[in-house]
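Fold and geometry: a report
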Amino acid sequence: MPSTEKLLTMYTKMLLSRRFEEKAGQAYGLKKIQGFCHLYIGQEAVVVGINEALKPTDWVMTGYRDHVHPLVRGADAGMLMAELYGRDTGYSKGKGGSMHFFDVEHGFYGGYGIVGGQIPLAAGMAFASKYRNEDRVTVCSFGDAAANQGALHETFNMAVKWKLPVLYVVEQNKYGMGTDIARVSSIPDIHKRAPGWGIRGESVDGQDVVAVYEKVKELTEWIRAGNGPVLLEAYTYRFRGHSMSDAATYRTKNEVEEEKQRDPILTLKKLLLSKKGITEEKLEAIDEAQKALVEKAMAFADASPLPPDEAIWTDGLVEEGEADVKPRERVLGATDVKWPEHPTDFKVTWDLEPRQTPAASGKKKGAE
Amino acid sequence: MAELAYRDALNQALAEEMERDPRVFLMGEEVARYDGAYKVSKGLLDRFGSARVVDAPISELGFGGLGVGAAMAGLRPIIEMMTWNFAILAMDQIVNSAAKVRHMSGGQLRCPIVFRGPNGAGGRLSSQHSQALEANYAHFPGLKVIAPGTPADAKGLLKSAIRDENPVIFMEAELLYGLKGEVPEGEYVIPIGKADVKRPGSDVTLITWSRMLTAQVLPAAEQLAQSGIDVEVIDLRTIKPFDHEAVAASVKKTNRVVIVEEGWGYAGFGGHIVDFIQRELFDDLDAPVIRVHGLDVNMSYAANHEPLIQPSVARIVDAVNKVLYR
C-alpha cells in the first residue's frame, strides 16, 4: 500500500483531471472549444496510477483522449486549456488542439488522432532508449478498439522479439466510439490475446488507483530489468460519451449509473478517510484548490490571443540550425525547463540479434 | 574518381554516414544477413552490428512507425522499403506521423528519418510491383522527396537526406541499381532541392528525374541531336522542393519544354511543373508544354505491353517535334 502522502498526491491529481475535464466540457458548451473533444472523465485512476509509478525520465504517449496524460505529469493547466481553445499560448501554439497535446519537457510525446498510430511510435522510442542503453520505460496507452488495428500486431511482434522497454496499456472502457468492443472482437479481453505474440499480458482494475499503481510499479521494474514489453489491460469506464457530440445512446442508463458507483475518485476518497489524520475537510480543501486551479487555467485561456496568421507557415519543415520550441519557455518565460538532450556521440553496444549457431555465423550468405 | 554501380554508391553513402554518426541505423526487410534485397546494404551488418543494421519482419506499417518513433527520440533512422509499392502499407505512419509530428507538437519535436527503396517499374512485374509513386508523397506538406538518376547523385543526395532534420522520401529504382557511373569518393554531398543540367542545349528543354533520365531522355536527346535539334536535359533530382530557378533558366533559354515522367499523367508531378511554368514563364513560351508520362493504365506483364505503357524515346522525340512545330 502506498503511503498516505502518495495517496493524497493521487487524489489531488485525479481531482485535477476531473475538474479540468469538466471545465473543458463547459467551455465546449460555450463554443470556446470546438472540433473534437474527448473527455477522460471516469478513467482517471488509470492515468494517475501509471504516472505515480513512473520516473520523471520515462516517456508517455497516448491516443486522442489525451488531456490528462500531460496534466498529471506536470504540464501547465493554463497552457493545456489554451491549446484546447486554439490559442497561441497553447503547448502546440493552438495548431494541435484537443487531440494533439505534446509536452516534451514532461516526457509526454503526444496525443495521436489515428487510432493505434502511437503504438509503433512507442516501440521506436523504446528502441532508441535501448539503442543508447538508457534506463527508461516508454508507456503507450490506447483504447480497447485500437487493439484491432494491424499496427498493434506488427508492433507487438517486433517489441517482443527485440525486448523493447515499453509498457502498452489498454484503457479498456468497453466501447470503441459507439461500438461495444465485444460486438467486433473475437477476443474482447485484449490481454487474453497476449500469448499469441508471446508478450506478457496482465490485467488490472482500472477504477482502483492503488491497484493500477502497484501493478505498474511491478511491471515497469520487470521491463527495466530487460525482460521486454508488457501488455496491461486496465478495465475502466468513461462516464461521458466518446466525444462531445456523442449522446452515448448505445449504453443503458443503468449501466452508466452502475459504473458511476465505482467512481475511482470516490473509491480513493473512502480509502483516504480510513487513514489517520485525513478528514472530509482536508479532502474538500484539495478539491477546492483544484477547482481554483482550473478556473485560473480557463481565465488564462480566455485571456490568450489567437496565434498570428503568419504562424501557419512555421513548424512545418525544420530549417537548418532551427532549434526545437520549448513551450513553457516560449509562453511563460520559464527558465527552469529541462529539455531532453539526446547524445550525438556514443557507442552502440546492443547486439540486437546475436549469431548463435555456427551455421548462421558463417561468412557465406544466402543465394540472391 | 571510381566507377561505381548505383547500388554501390548508395552503399558507400550508407557506410560513410553510419561511420560518421552513431545515431544512424538501417532497418528493413532483408537488409542485414541477406545484404539487402538489391544488395544496397551489402557488408553493413558485419561492419556495424545487429542493432544498427536490423532485419525487420514483413511489417511495413510497424517498422515504418517504429522508425518515426526512434527519430522523435533522437536517432536517425533509415527505413528501407523493399519497394515503394510495399510502403503504401506504411503510408499512415509516413503521412500522419512523420510528416505531422513537428506541426502537431508546435515545434517541440522533429523527425529526421529517411524512407528509401526502389520506385517505378522493375521489369515484367505487372501492376502491383510497377508504380512510380513520387507524386503521392510530393503532395504532403512536411516531407521532402528525392529521386536521383545517377550513381553520383544517389550518393551525394542520400548523404544529404540522412543529415537532414526532416522526413525524407528517397526514391531509387530497381532498374537503376546496376547503372554505373563515376562517383566521387569520401565527403560528397549534394544539396537537396538542386537540379542538374545533364546535357546543355538551346532548342528544347527536357525536364525529368530518376530512371527516365538515362533510360529514355538522354538517348532521345542523342537521337534528336542527329537531326540537328539541340536538347537541354534538366534532371530535377529532388521532386520536393523542386528547383524553380534551374527550370526557369532553361525555359528562358529554349522557350520550349517537354516533361518526361515514368508515373501516371493524371495528377502526376509533371502537371505541377507545368503549373509553375505557365504562371511564371508564360511570356517565355513559344509552344504549349507537353508531358510524356506513363499511360494512365495499370502496368501489364506482357512483353509488348510494358514498353507501350512507359515513356519511350519515340514518344519523347515526337513530343519534342511537336513543341518545335515540326
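Structural data are supplied above this passage.
I will try to describe carefully the structure that is included in this document.

Definitions and limits used
Residues numbered from 1 in each chain as written. Chains lettered and ligands numbered in written order. Predicted model: local features only at pLDDT ≥ 70, side-chain atom pairs only at ≥ 80, totals over all residues. Heavy atoms only, no water. Buried < 20%, exposed > 50% of the residue type's maximum accessible area, 1.4 Å probe, protein only. Helix = DSSP H or I, 4+ residues; strand = E, 2+ residues; numbered from the N terminus. Right-handed = clockwise from strand over helix to strand, strands pointing away. Pairing = 2+ DSSP bridges. Axes fitted to C-alpha atoms, helices over the stretch in contact; angles between N-to-C directions. Contact = heavy atoms within 4.5 Å. Buried area = accessible area lost by both parts, 1.4 Å probe. Salt bridge = Lys/Arg side-chain N within 4 Å of Asp/Glu carboxyl O. Polar contact = N/O pair within 3.5 Å; in protein donor to acceptor, adjacent residues only side chain to side chain.

Looking at the pairing of strand β4 (residues 166–172) of chain A
All names here are of chain A.
- β4 sits mainly inside the fold: seven of its seven residues count as buried.
- Both faces of β4 are covered, namely the face carrying Val-166, Tyr-168, Val-170 and Gln-172 and the face carrying Leu-167, Val-169 and Glu-171.
- Once you follow strand β3 (residues 138–143) into helix α6 (residues 150–161) and on to β4, the crossover reads as right-handed.
- In terms of strand pairing, β4 meets strand β8 (residues 230–235) through six bridges, oriented parallel. Across the sheet, the residue bridging to Glu-171 is Ala-234, located in β8.

Looking at the sheet that holds strand β14 (residues 290–294) of chain B
Residues and elements named next belong to chain B.
- Across the sheet, which stays open at both edges, the five strands sit in the order β9-β11-β10-β13-β14 with mixed pairing between neighbours. Of all the strands in the sheet, just β9 (196–199) and β14 have a single pairing partner and so form its edges. Strand-to-strand, the axes of this sheet are offset by a mean angle of 25°, without reference to chain direction.
- When β9 meets strand β11 (residues 231–235), the two strands line up antiparallel, connected through three bridges. Residue pairing in the sheet places Asp-196 in a bridge with Asp-235 of β11.
- Relative to the sheet, helix α9 (residues 212–226) contacts β9, β10 (204–208), β11 and β13 (257–264), its axis offset from that of β11 by approximately 170°.
- Docked against the sheet, helix α13 (residues 313–323) engages β10, β13 and β14, running at close to 165° with respect to β14.

Topic: the interface of chain B and chain A
- Facing the 52 residues of chain B at the interface are 57 residues of chain A.
- For the chain B and chain A pair, buried surface summed over both sides reaches about 4500 Å², with 61% attributable to carbon and sulfur atoms.
- The largest contributions to the chain B side of the interface with chain A come from Arg33(B), Met104(B) and Gln108(B), which together make up 18% of the buried area.
- Linking chain B with chain A are four salt bridges, by the criterion used here.
- Applying the counting criterion to the chain B and chain A interface returns 24 residue pairs in polar contact (both at pLDDT 80 or more).
- The set of elements that each furnish at least two residues to the side of chain B that touches chain A consists of β2 (24–28), α2 (44–48), β3 (53–55), α3 (60–72), α5 (91–98) and α6 (101–104) of chain B.

Looking at the sheet that holds strand β7 (residues 168–172) of chain B
Residues and elements named next belong to chain B.
- Ordered by their spatial adjacency, seven strands build an open sheet running β3-β2-β4-β5-β7-β6-β12, and the pairing between neighbours is mixed. One side of each edge strand has no neighbouring strand; the edge strands of this open sheet are β3 and β12 (238–240). Here the strands of the sheet are splayed against their neighbours by 20° on average, with no regard to which way each runs.
- Pairing geometry for strand β5 (residues 114–118) and β7, over five bridges, is parallel. Counterpart to Arg-116 in the pairing with β7 is Phe-170.
- This element, α3, spans β2, β4 (76–80) and β5 of the sheet and lies at about 165° to β4.

Just distances and angles here, no functional claims.
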